[in-house]
Amino acid sequence: MKIAVIGTGYVGLVAGACFAENGNDVVCVDRDEAKLRLLRRGRIPIFEPGLEELVRRNRAEKRLVFTSQVATAVRASTIVFIAVGTPQGEDGSADLQHVLGVARDIARAMNGYKVIVDKSTVPVGTAERVREIVRRETTHPFSVVSNPEFLKQGAAVEDFMKPDRVIVGAEDPRATQLMTELYAPFTRTGAPIMVMDCASAEMSKYAANALLATKISFMNEIARVCELYGADVEQVRRAVGSDRRIGSAFLFPGVGFGGSCFPKDVQAILKFAADKEYAFQILGAVDRVNRDQKALLVSKMEKHFGSLAGRTIAVWGLSFKPKTDDMREAPSIAIIEKLLAAGARVRAYDPEAMKIAKGIFGNRITLVARNYDALIGADALALVTEWNEFREPDFAKMRKLMRSPVLFDGRNIYNREQMKADGFTYYAIGR
Ligand SMILES: NC(=O)c1ccc[n+]([C@@H]2O[C@H](COP(=O)([O-])OP(=O)(O)OC[C@H]3O[C@@H](n4cnc5c(N)ncnc54)[C@H](O)[C@@H]3O)[C@@H](O)[C@H]2O)c1
């Protein structure tokens, strides 16, 4: 099939490369020329396991091309995906200016029937708005489809290639048929393609993200109560997660959720529910708990040290989760800003997010090239993102490098008894 993907970010680039991998001809569009130059050299602008190889192979096979011209891409394609960003607007709502702007550009370029697919995460009712915009701009026939994306950064290629399910919000048989054909190779192992109305498809994406965010905030509150009563949240987590009705995923207490999706998607539901005069009570609490959680590690440090002024704190892990370089809404940002405001010096390291961190913090913190370098002269280490390379460090070496062996484990990855045996003062979450 001939496909255009507009917006070549974490979602658009993965979708484009994976569609090409299954034999489709894909044109990926972005307005960011620097990004396009990099892609045309066979390099990818983000860290995402397996993606660079996929992009290189499909470019070499000429199934994947990159352009800044929406019109050229639309004319060459039958299915046109919108995968641009929907950041949080000032009032909390999803900012749809990019999605609606692209819809207009697509409509103006149309030269025949097109399926226009919303892949960006968009509030309920957006497919209808896209339909109206396109209808105003063209006399060519078209369908609008809602096809929300569920990939996880860090395992995006795998998730896209082997999805749990594919959601297709489509309201006519022609579009349903084309979408079903397009996704058939991805669902051969039995994952269902669920066809529904556009509003339900749009809502499904928000409901899934909101429920995952709720699980995290819920466990963070359980961890708070565990601390008050001397229970160990890690034992509790295992006990609860083994219940098949609940499942073990997303029950890990920590420093709060971040990333480009959960925080903004929670805000977006709160807003679009409120627009219809419904106050979504649980999600209001999920958001408040998450904000508090991002302050927890620094409160623990203040309690330990009294004042943080003049202290040097090492930070391991800056990306919002392992296996990505993405720092959008990363808890590390809130933590480091709090440390700096309290007068501490920060020495930080991340396996992939150093360039992005440099852009965020400039010279306000010291970014070091190797994980152990962060520890030199440090009064404490804060483990913020649980990259694999931090899981089994050389504690004896760490103790030698640090001014004092104090460890604040924001992800509960270390063994309390072993930390004690290795001579560390150890703080974790809910234990
Ligand atoms: N990142 C994820 O893990 C994830 C997962 C599922 C869904 N989503 C949703 O997918 C959408 C995209 O997210 P992302 O993380 O890929 O964003 P992103 O910021 O990484 O990528 C968006 C891209 O769109 C480009 N763009 C913006 N306006 C454009 C225009 N008018 N013409 C051409 N290109 C334009 C930007 O330059 C950028 O490269 C969002 O709605 C997000 O909520 C993201």
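Note that the coordinates shown come from a computational prediction; the quantities given were computed from them, not determined experimentally.

Each pair of packed helices can be described by the angle between their axes along with the distance between the axes. In contact at an axis separation of 10 Å, helix α11 (residues 262–274) and helix α12 (residues 281–305) are set at 145° when each is read in the N-to-C sense. Crossing angle aside, the handedness with which α11 passes α12 is left-handed. The segment α11 lies against α12, with Val266, Gln267, Ile269 and Leu270 engaging Leu283, Gly284, Asp287 and Arg291.

Compared with the 16 Å implied by 1.5 Å per residue over 12 residues, the 17 Å span of helix α6 (residues 126–137) between its first and last C-alpha is a close match. Packed against the buried residues of α6 are α5 (97–109), β5 (114–118), β6 (142–146) and α9 (198–229).

Within the element layout of this structure, threonine 366 appears in strand β11 (residues 366–367). Classification of threonine 366 as partly exposed rests on a relative accessible area of 37%. Between the C-alpha atoms of threonine 366 and alanine 314, which are 52 residues apart in sequence, the distance is 9.4 Å. Once residues within four sequence positions are removed from consideration, threonine 366 is found in contact with Val346, Arg347 and Ala348.

What follows covers unusual backbone geometry. With a phi close to 65°, lysine 323 is a non-glycine residue in the positive phi region. As for its position among the elements, lysine 323 is in the loop between β9 (312–316) and α13 (331–341). One non-glycine residue, glutamate 329, lies in positive phi territory at about 55°. You can see glutamate 329 is positioned in the loop between β9 and α13. A relative accessible area of 46% means that glutamate 329 is categorised as partly exposed.

Every one of the 26 residues lining the ligand counts as a neighbour, but Asp30, Lys35, Thr86, Gln153 and Lys264 are closest to it. At 2.6 Å, a side-chain N or O of aspartate 30 approaches an oxygen atom of the ligand. Here arginine 31 contributes a backbone N or O atom positioned 3.4 Å from a nitrogen atom of the ligand. Coverage of the ligand by the protein amounts to 88% of the 830 Å² it exposes when considered alone. Mapped onto the shell around the ligand, the elements with two or more residues apiece are α1 (10–21) and α5.

What follows is about the nonpolar core. Core analysis: the biggest nonpolar cluster contains 41 residues, and Phe19 and Phe81 have the highest contact counts within it. The leading source of residues in this core is α1, at 8 residues. Contacts of phenylalanine 19, omitting those with residues within four sequence positions, involve Ile3, Asn24, Val26, Phe81, Phe160, Leu182, Tyr183 and Phe186. Core analysis: the next-biggest nonpolar cluster, separate from the first, contains 36 residues, Phe305, Ala330, Ala344 and Val384 among them.

The next point concerns the packing of aromatic side chains. Going through the model one piece at a time under the given rule, you end up with 19 aromatic pairs. Summarising the aromatic geometry, the rings of tryptophan 316 and tyrosine 372 are spaced 6.2 Å apart at their centres and angled 80° between planes, so their arrangement reads as edge-to-face. Linking tryptophan 316 in strand β9 with tyrosine 372 in the loop between β11 and β12 (380–383), this pair joins segments that are 56 residues apart in sequence. Each member of the pair, tryptophan 316 together with tyrosine 372, is buried. Members of the aromatic cluster, joined through ring pairs, are Phe19, Phe81, Phe160, Tyr183 and Phe186. Above the plane of the ring of phenylalanine 150 lies arginine 165, whose end atom (NZ or CZ) is 3.7 Å from the centre. It is arginine 174 that lies over the ring of tyrosine 113; its NZ or CZ is 3.5 Å from the centre.

What counts and how
- Residues numbered from 1 in each chain as written.
- Predicted model: local features only at pLDDT ≥ 70, side-chain atom pairs only at ≥ 80, totals over all residues.
- Heavy atoms only, no water.
- Axes fitted to C-alpha atoms, helices over the stretch in contact; angles between N-to-C directions.
- Helix = DSSP H or I, 4+ residues; strand = E, 2+ residues; numbered from the N terminus.
- Left-handed = near helix turned anticlockwise from the far one by under 90°.
- Contact = heavy atoms within 4.5 Å.
- Expected span 1.5 Å × (residues − 1).
- Buried < 20%, exposed > 50% of the residue type's maximum accessible area, 1.4 Å probe, protein only.
- Near = heavy atom within 4 Å.
- Polar contact = N/O pair within 3.5 Å; in protein donor to acceptor, adjacent residues only side chain to side chain.
- Areas by Shrake-Rupley, 256 points an atom, 1.4 Å probe, with all protein chains shown as cover.
- Core = buried A, V, L, I, M, F, W, Y, C linked by side-chain atoms within 4.5 Å.
- Phe/Tyr/Trp six-rings, centres within 6.5 Å; stacked < 30°, edge-to-face > 60°.
- Lys NZ or Arg CZ within 6 Å of the ring centre and 35° of its normal.

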